[in-house]
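What follows is the residue order along each chain.
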There are 2 protein chains.
Amino acid sequence: MCPQIELAGARGVQYPLRLREVWVKLDGRQGSGTMSVKQKLTKEETLQLRKKHIGPSCKLFFRSDPLKIVRAAGCYMYDEKGCRYLDCINNVCHVGHCHPQVVSAAVEQMSVLNTNSRFLHDNLVLYAERLTSLFPEKLNVCFFVNSGSEANDLAIRLARTHTGKKDVITLDHAYHGHVTSLIDISPYKFNHPGGEGQRDWVHVAPVPDVYRGKYTDKDFTVEECTKKYADEVKQLCDKATKLHGGVSIFFAESMQSCGGQIVYPPGYLRQVYSHVRAAGGVCLADEVQVGFGRVGSHMWAFQTQGDDIVPDIVTLGKPMGNGHPVSAVITTREIAESFGATGMEYFNTFGGNPVSAAIANAVLDAIEKENLLDNATKIGNFLKQEFNRLKGKHAIIGDVRGEGMFLGVDLEQYVLLSNDGPYRNVLKFKSPMVFGMEDAKELVEKLDAIMTEMEAAENIVTNGMEKLMVNGNHDPRQQQQLTNGHANNNIDAPSEIQVKV
Amino acid sequence: MCPQIELAGARGVQYPLRLREVWVKLDGRQGSGTMSVKQKLTKEETLQLRKKHIGPSCKLFFRSDPLKIVRAAGCYMYDEKGCRYLDCINNVCHVGHCHPQVVSAAVEQMSVLNTNSRFLHDNLVLYAERLTSLFPEKLNVCFFVNSGSEANDLAIRLARTHTGKKDVITLDHAYHGHVTSLIDISPYKFNHPGGEGQRDWVHVAPVPDVYRGKYTDKDFTVEECTKKYADEVKQLCDKATKLHGGVSIFFAESMQSCGGQIVYPPGYLRQVYSHVRAAGGVCLADEVQVGFGRVGSHMWAFQTQGDDIVPDIVTLGKPMGNGHPVSAVITTREIAESFGATGMEYFNTFGGNPVSAAIANAVLDAIEKENLLDNATKIGNFLKQEFNRLKGKHAIIGDVRGEGMFLGVDLEQYVLLSNDGPYRNVLKFKSPMVFGMEDAKELVEKLDAIMTEMEAAENIVTNGMEKLMVNGNHDPRQQQQLTNGHANNNIDAPSEIQVKV
């Protein structure tokens, strides 16, 4: 989750524009009574106790004035004063905060049995059957774990065991999780403060971003971009083969989230999978952030690249339990058998317990019964259309992209203090899937107003505004890159860095 | 969790004695009606669906006839036919299966808010305050995660960042988790089938087991054993310093669980911590299995080694949420600051969410209100006394050890098909903490009967029974070692290996 709208202008001016404003403070009723939640601590006391007892590496949204959220429902969150916020960024509470049927399913199972998967239980196997039925046929074996990080780590182990190789190909700016093995394959982490740099078994391919990447649609056709990006992966396969005898896995999100809401050009995964498999490797689709229908047109984002695109391993996480810690690895019988054949057991204490399975099942129920894929398509299309309209109106918007409820607005000349994307300039929209049309209209209206306000302020503050352009490069796409480089480490974290020019 | 009582006699005879028997089948009522849970699948259907969709590396208890458990309460579990089992091994459902107040706390919070820790929330900070108040003062900073594996991985990262060193000292037979970095420091895994052997940055110290270890109380005084075991760690510190310039962390459970319920001799941690700190390393207590009062006398097992024993990092897991995926790392301000100073954020999507914190808090309530530490001491002492009585009666019992509800019965000349301990010969008792006196009496009675039955069967089957002794070694402690070596990989897994002699 990344907060979206804390901006600094080109000259380091910080606007008092915050996520909370764009999330839309719908009303300002102070402690309206109904549904209010009694607080044990004042916000200041909560903050001080947090500073005392929670590791400083765990960041809050908005360091200068964090939000204290006390309750939530659907796509609304409420602070301690009863103020309501429209949640545009929570990609975990997928079917809506505190979805009643999900809560009921949890309660019902928690009251009856919650134990480990060493015992037979219907919830586990019925959910596994249902989940795998949503995938291409060959993806029919599950491993249940607690988090996307556990899933991605296990995926590496599966791939290495199956292929007998160690090398991993990852995409630049990628983030795959917080455990040691995943920081090693996340350029977003290892290339940034506190990172240890690139391991010799990790190979970083450029993100197939045709707007701001290595090959853009300014210089090439999209087909040429696709081939060039895929060929880069092929070269890395060759390199891995030369260095270490082969490649184990191509590890990529099906659309890149933390890297800036990047949708790959058509054919990219087809060509890449072909190269990787020719080199003896397997292909992974990390659907932790983009799965479960977020893209609207399909349940899984890899499916947007064609019906013939079938990864060897898929990892799931964040939205799977609507906030409950449950995640999964889905793979082929062949890979699962290779892993089983070593004789090493895989045991995950909480993974696949009856409560986690009941909750995950209720989430699928909600997605289906409430037609949330259709909603994602409808709202996503509307928002894309409106963001494009705003693009015509506001020079700040350079690109609008994404699918369904996975949308990115790429900004020029502005740096998001609460960032995302390698250049800290992408507004990400990834709300709960129950986001409605009225919510969407309100979001657009507010965004429009904020951008208008910013532009006015910009003009007032500096008439002779020093342009961000440096090195004589006048393409706005390149400016951020040159100015801010890869300064962004805090994938999901707000850090109020001022950008001085 | 390890099943306990599936035994093969010395000659490979398998006894029809199973965990379920020692768990005590309290009654055989078929579908008694009350509290019965409607099943969607027959047991056979569940099993077949599991085979189809769950990775074969995920093992069931009792491969030949797995248990289907459909409900549980307190320390009882019920199968699909309504048969009741006394749970002697579930160290996760700490305050009792489906504890009503824990379920209530979950429900209450789930209905109101469940979101990530980027927002301020009272549950997180109040729980952190309460949890750290249970530790020595300097251990006052928390990181909340989902599993013991996530906690232990983070602990390695903290230690490496703080010390600037990479090397880890671990104990032989140790198991610390299922992610890549932890398999690397778990001899239980890396030395066994599917394992990749020992990394050059991992150093394995012998388990300070004075009964069956490298130095025993047969050859030395306990004080001598302590010093010899601690000196082995010192030698590894010297080795790590020589090889790689230092040691980052001494990584050990406070009592060794999967290694066979080993209680370290007095003074061991004091001497080891002193050696490790002198070498510039930090000391970790893995309390994932032994924490939260299981040892009865103290909340944390490291405390049994003396009030002056203060680890630099403690990891918590399994019992913390009574089955809900919540775990933690507790460390010093100094180490947390070192980690924070790198600038790399630590974000855990589900870790420390309001629901996990509410559940963990309710577990502490139950531990306190129900005096479960006192219960662990009372029941544990009774069981130890009774197991010792059985030891006098049955030659099969070689050693009885442990504290509170962490007990081990070390068996001679028998191999547990559903194992534990490096030689597959340790019966482990680690029930929910609500185990009662009547339950304890029933367990002892059943165990006595089973052992009597086994001895009788042994005598009937072979008069001229070939003794297990090989190589002229007549010390029963050594027999298993010589015969079975380190064949045991499946830490928590039943595998019906027949031992042929």
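Here, every reference points to the structure presented above.
Attention in this report is confined to the structure presented alongside it. (Residues numbered from 1 in each chain as written. Chains lettered and ligands numbered in written order. Predicted model: local features only at pLDDT ≥ 70, side-chain atom pairs only at ≥ 80, totals over all residues. Heavy atoms only, no water.)

## A closer look at the state of the cysteines
How we decide: Cysteine sulfur atoms are paired as a disulfide whenever they fall within 2.5 Å.
On inspection of all chains with the given rule, the structure shows zero disulfides over all chains. Just so you know, Cys98 of chain B is unpaired, no disulfide at all, and the nearest cysteine sulfur is the one on Cys93 of chain B, 7.1 Å from it.

## Examining the nonpolar core
Stated formally: Take the buried residues of types Ala, Val, Leu, Ile, Met, Phe, Trp, Tyr and Cys, join any two whose side-chain atoms come within 4.5 Å, and each joined set is a nonpolar core. The rule is simple: take the accessible area with a 1.4 Å probe, protein chains only, and divide by the maximum for that residue type; under 20% is buried, over 50% is exposed, in between is partly exposed. We call two residues in contact whenever any of their non-hydrogen atoms come within 4.5 Å of each other.
Counting 260 residues, the largest nonpolar core has Phe250 of chain A together with Leu131 and Phe250 of chain B as its most contacted members. Leave out the neighbours within four places in its chain, and Phe250 of chain B touches Ile169, Leu171, Val233, Tyr268, Leu269, Val272, Tyr273, Val276, Val282, Cys283 and Leu284 of chain B.

## Describing the interface of chain B and chain A
Applied cut-off: Note on terms: buried area is the combined drop in 1.4 Å-probe accessible area of two parts once they are placed together, counting the loss on both. Just to be clear on terms, a salt bridge is a Lys or Arg side-chain nitrogen sitting within 4 Å of an Asp or Glu carboxyl oxygen. Polar contacts, as used here, are pairs of N or O atoms within 3.5 Å; protein pairs need one atom able to donate a hydrogen and one able to accept it. Residues neighboring in sequence count only if both atoms are side-chain atoms. In this classification, the charged set is Asp, Glu, Lys and Arg, the nonpolar set is Ala, Val, Leu, Ile, Met, Phe, Trp, Tyr, Cys and Pro, and all remaining amino acids, among them Gly, are polar.
Each side of the interface is counted separately: chain B has 106 residues, and chain A has 106 residues. Sorting the residues of chain B by area buried against chain A places Arg118, Leu120 and Phe350 of chain B first, and these three jointly supply 9% of that buried surface. Between the two partners, chain B and chain A, sit two salt bridges. Across the pair Lys68 of chain A and Asp122 of chain B runs a salt bridge whose closest N-O atoms are separated by 2.7 Å. Inspection of the region where chain B meets chain A yields 55 residue pairs in polar contact (both at pLDDT 80 or more). For the side of chain B that touches chain A, a count of residues per class yields 51 nonpolar, 35 polar and 20 charged.

## Regarding the sheet that holds strand S15 (residues 426-429) of chain B
Residue and element names in this part refer to chain B. Let me state the cut-off plainly: Criterion used throughout: strands pair if DSSP finds at least two bridges between them. Helix and strand assignments come from DSSP, with helices taken as H or I runs of at least 4 residues and strands as E runs of at least 2, each series counted from the N terminus. Between N-to-C directions, angles cover 0 to 180 degrees, with each direction set by a line fitted to C-alpha atoms, over the stretch in contact for helices.
The strand order across the open sheet formed by three strands is S12-S13-S15, and the pairing between neighbours is antiparallel. Unpaired on one side and paired on the other, strand S12 (397-403) and S15 mark the two borders of the sheet. Across the sheet, the axes of successive neighbouring strands diverge by a mean angle of 15 degrees, strand direction being ignored. Pairing of S12 with strand S13 (residues 406-411) involves six bridges; the strand directions are antiparallel. What sits directly across from Asp399, in S13, is Asp410.

## Some details on the pairing of strand S10 (residues 313-316) of chain A
Residue and element names in this part refer to chain A. Alternating positions in S10 separate into two faces, Ile313 and Thr315 on one and Val314 and Leu316 on the other, with burial throughout. Taken together, the three bridges between strand S9 (residues 282-286) and S10 define a ladder with parallel strand orientation. Bridge assignment links Leu284 to a residue of S10, and that residue is Ile313. Examined bridge by bridge, S10 and strand S11 (residues 327-332) share four bridges and lie antiparallel to one another. Note that in S11 the partner of Val314 across the bridge is Ile330.

## Remarks on the packing of aromatic side chains
As a reminder of what qualifies: Working definition: rings of Phe, Tyr and Trp (its six-membered ring) pair if their centres are within 6.5 Å, and the pair is stacked with planes under 30 degrees apart, edge-to-face with planes over 60 apart, and tilted otherwise. Placement of a positive charge over a ring is assigned whenever Lys NZ or Arg CZ falls within 6 Å of the ring centre and within 35 degrees of the normal to the ring plane.
Enumeration according to the criterion identifies 24 aromatic pairs over all chains in this entry. Seen in terms of ring centroids, Phe143 of chain A and Phe339 of chain A are 6.1 Å apart; in terms of plane orientation they differ by 85 degrees. Their pairing is edge-to-face. Taken as a pair, Phe143 of chain A in strand S5 (residues 139-145) and Phe339 of chain A in helix H10 (residues 333-341) lie far apart in primary sequence, 196 residues in all. Both rings, one in Phe429 of chain A and one in Phe435 of chain A, keep their centres 5.0 Å apart while their planes meet at 75 degrees; by these two values the pair is edge-to-face. The same class applies to Phe429 of chain A as to Phe435 of chain A, namely buried. Connected via pairs of aromatic rings, a cluster forms that spans Phe135, Phe292, Trp300 and Phe302 of chain A. Over the aromatic face of Tyr76 of chain A sits the side chain of Arg84 of chain A, whose NZ or CZ is 4.5 Å from the ring centroid. When the ring centre of Trp201 of chain B is taken as origin, the NZ or CZ atom of Arg160 of chain B, which lies over that ring, is 4.5 Å away.

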